[in-house]
Amino acid sequence: GLSLCVSLRYLSSNMIVLVPQAEIDAAVQLLLKLKVDYKQMTGQDYKAGCPPSENLIVSNNGPAADDCDGEDLVDPWNVSASSTKGVDYDKLIVRFGSSKIDKELLERIEKVSGQRAHHFLRRGIFFSHRDMHQILDAYEKHKSFYLYTGRGPSSEAMHVGHLIPFIFTKWLQDVFDIPLVIQMTDDEKYLWKDLTLEECHRFTVENAKDIIACGFDVNKTFIFSDLDYMGASPQFYRNVVKVQKHVTFNQVKGIFGFTDSDCIGKISFPAIQAAPSFSSSFPQIFGGKKDVPCLIPCAIDQDPYFRMTRDVAPRIGLLKPALLHSTFFPALQGAQTKMSASDPNSSIFLTDTPKQIKNKVNKHAFSGGKDTVEEHRKYGGNTEVDVSFLYLTFFLEDDEKLEKIKEDYTSGALLTGELKKILIETLQPMIAQHQERRKQVTDEMVQQFMTPRPLNFKF
């Protein structure tokens, strides 16, 4: 496989130079991108010393060569898996250089928080971390930290997959009693999508209503639009500029796959997503303090932004942010891709009616069951690929009930239609309750959450 095993560049027989970690990460990402490009061009996975056949007929859907391992593609804009089971997260931990959330860390989170770990943690939905032990060390010494997560508002309606980081972040906020900043990257969506600035900003307000409906404490939560806050906070912009100065064009090309035809806004954007990692970007909240640690719960496809951020932070005299990474919420069609807001049938949207939820699950949810009832009763279903079961791991909080469903489905006692019915009956009230809470969110409430102000917490 492609990996960069050295962090030294030899200049002569008696001289070496340390290469910054960001440059190594950039090189690794560039090599991985080249592998993906190679497969798209040849229909085969790259293998050293194994050139493509001279008589190769290129096919967009051609099978990979039998002796070459498939490679998952994970970056902030694209996620695809080579297996029907979805992304191999153990391999991704190795590739990204993060750490697995193990039993020891789970027990420590419970001990420090005094609460049972959230089921997202217990079930491995949040599975990887960077420096979570340091966050807990600081908290044990009565030093507060803050949370930072975000949303790219590319459409008016959010789907259930978008709720995952917010459900977990709310739990963290409640358990640790800490402040939270939520970045709405409407500038990013303007740069990447065929949308007007006005549309992006309107989507920010609409998406903020769904986020507020998750139950965040207005006294401890600041939601901000990049298009608004960048011009209103000199300290935020100064941190953006500091990051921009310390990351080269070559590095962002390697990390994010930018090309010479990308607009310059895309190339500079990663610094804007990095800036909320630093407490000095929010003087109204932290009073100019530079040493308040930051914890970022996010899907692992966002990690490239924060690998860059963590590399830059010490060079600009600021703290590295810590991270908790989640798995991807699968599309209804299967775990090989994540949900898409642009495909209404790939997702359960927060605006869907009970009837739409029922129809989408019954018609589009990928099944791990067998072709006939007789075969299913005999051999059982596969919960590793069955989307209805995968969704229940996110939304059914009762561990014992989930385990019973798994046992019954894998044994063949529970049929696919029955499993889908359980999911439908779980999702319908959950979405209906969210819609009812969202109705209570007024424009004035959104304005209150989005106004720069002090927050109530001890640090």
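Since the structure is predicted, the reported quantities are computational estimates derived from the model, not experimental observations.

Some words on the side chain of Arg310
Residue placement: Arg310 occurs in helix H14 (residues 303-312). Judged by its relative accessible area of 12%, Arg310 falls in the buried class. The residues contacting Arg310, other than those within four sequence positions of it, are Arg130, Asp131, Lys320, Pro321, Ala322 and Leu323.

A short note on the packing of helix H12 (residues 264-274) against H14
Relative to each other, H12 and H14 sit at 75°, their axes nearing to 9 Å. Here H12 lies roughly perpendicular to H14, going by the angle between them. Residues Phe269, Pro270, Ala271, Gln273 and Ala274 of H12 pack against Tyr305, Phe306, Met308 and Thr309 of H14. Here the contact of H12 with H14 is composed, by residue class, of seven nonpolar, two polar and no charged.

Quick look at a nonpolar patch on the surface
A cluster of nonpolar side chains, namely Leu30, Leu31 and Leu34, defines an oily patch on the protein surface of about 230 Å² accessible area. Locating Leu30 in the fold gives a position in helix H1 (residues 21-42).

What to know about helix H11 (residues 249-256)
All of the buried residues in H11 are Gln251, Val252, Gly254, Ile255 and Phe256. Where H11 terminates, the next one or two residues include Gly257, which has phi positive at roughly 75°.

Topic: the pairing of strand S11 (residues 322-326)
For S11, the tally of buried residues reaches five of five residues, placing the bulk of the element in the interior. Along S11, one buried face is formed by Ala322, Leu324 and Ser326 and the opposite face, lined by Leu323 and His325, is buried too. In this structure, strand S6 (residues 126-130) lies alongside S11, joined through four bridges in antiparallel fashion. Directly across from Phe126, in S11, lies its bridge partner Ser326. Where strand S10 (residues 294-299) lies against S11, five bridges are found, and the strand directions are parallel. Bridging from a neighbouring strand, Ile296 pairs with Leu323 of S11.

What to know about the packing of aromatic side chains
This model, assessed by the stated rule, comprises 32 aromatic pairs. When the centroid spacing of 6.5 Å and the interplanar angle of 35° are considered together, the rings of Phe120 and Phe168 count as tilted. On the criterion of sequence distance, the pair formed by Phe120 in helix H4 (residues 119-122) and Phe168 in helix H6 (residues 160-176) is long-range, its members being 48 residues apart. Residue classification places Phe168 among the buried positions, given a relative accessible area of 0%. The interplanar angle of 65° and the centroid separation of 5.4 Å between the aromatic rings of Phe145 and Phe176 together place this pair among those described as edge-to-face. Taken as a pair, Phe145 in the loop between helix H5 (132-140) and strand S7 (146-151) and Phe176 in helix H6 lie far apart in primary sequence, 31 residues in all. For Phe145, a relative accessible area of 1% corresponds to the buried category. Classification of Phe176 as buried rests on a relative accessible area of 2%.

Examining the sheet that holds S10
The strand order across the open sheet built from seven strands is S5-S6-S11-S10-S7-S8-S9, with neighbouring strands paired in mixed fashion. At either end of the open sheet lies a strand with only one pairing partner, and these are strand S5 (99-100) and strand S9 (221-225). Where strand S8 (residues 180-184) meets S9, five bridges bridge the pair, whose relative direction is parallel. Within the sheet, the bridge partner assigned to Leu180 lies in S9 and is Thr221. Its contacts with the sheet put helix H2 (residues 89-96) on S5 and S6, and the angle it makes with S6 is roughly 10°.

Rules and cut-offs
- Residues numbered from 1 in each chain as written.
- Predicted model: local features only at pLDDT ≥ 70, side-chain atom pairs only at ≥ 80, totals over all residues.
- Heavy atoms only, no water.
- Helix = DSSP H or I, 4+ residues; strand = E, 2+ residues; numbered from the N terminus.
- Buried < 20%, exposed > 50% of the residue type's maximum accessible area, 1.4 Å probe, protein only.
- Contact = heavy atoms within 4.5 Å.
- Axes fitted to C-alpha atoms, helices over the stretch in contact; angles between N-to-C directions.
- Parallel < 35°, antiparallel > 145°, perpendicular 65-115°, else oblique.
- Nonpolar A, V, L, I, M, F, W, Y, C, P; charged D, E, K, R; others polar.
- Patch = residues over 30% accessible without salt bridge, like charges linked within 9 Å, V, L, I, M, F, W, Y side chains within 5 Å.
- Areas by Shrake-Rupley, 256 points an atom, 1.4 Å probe, with all protein chains shown as cover.
- Salt bridge = Lys/Arg side-chain N within 4 Å of Asp/Glu carboxyl O.
- Pairing = 2+ DSSP bridges.
- Phe/Tyr/Trp six-rings, centres within 6.5 Å; stacked < 30°, edge-to-face > 60°.

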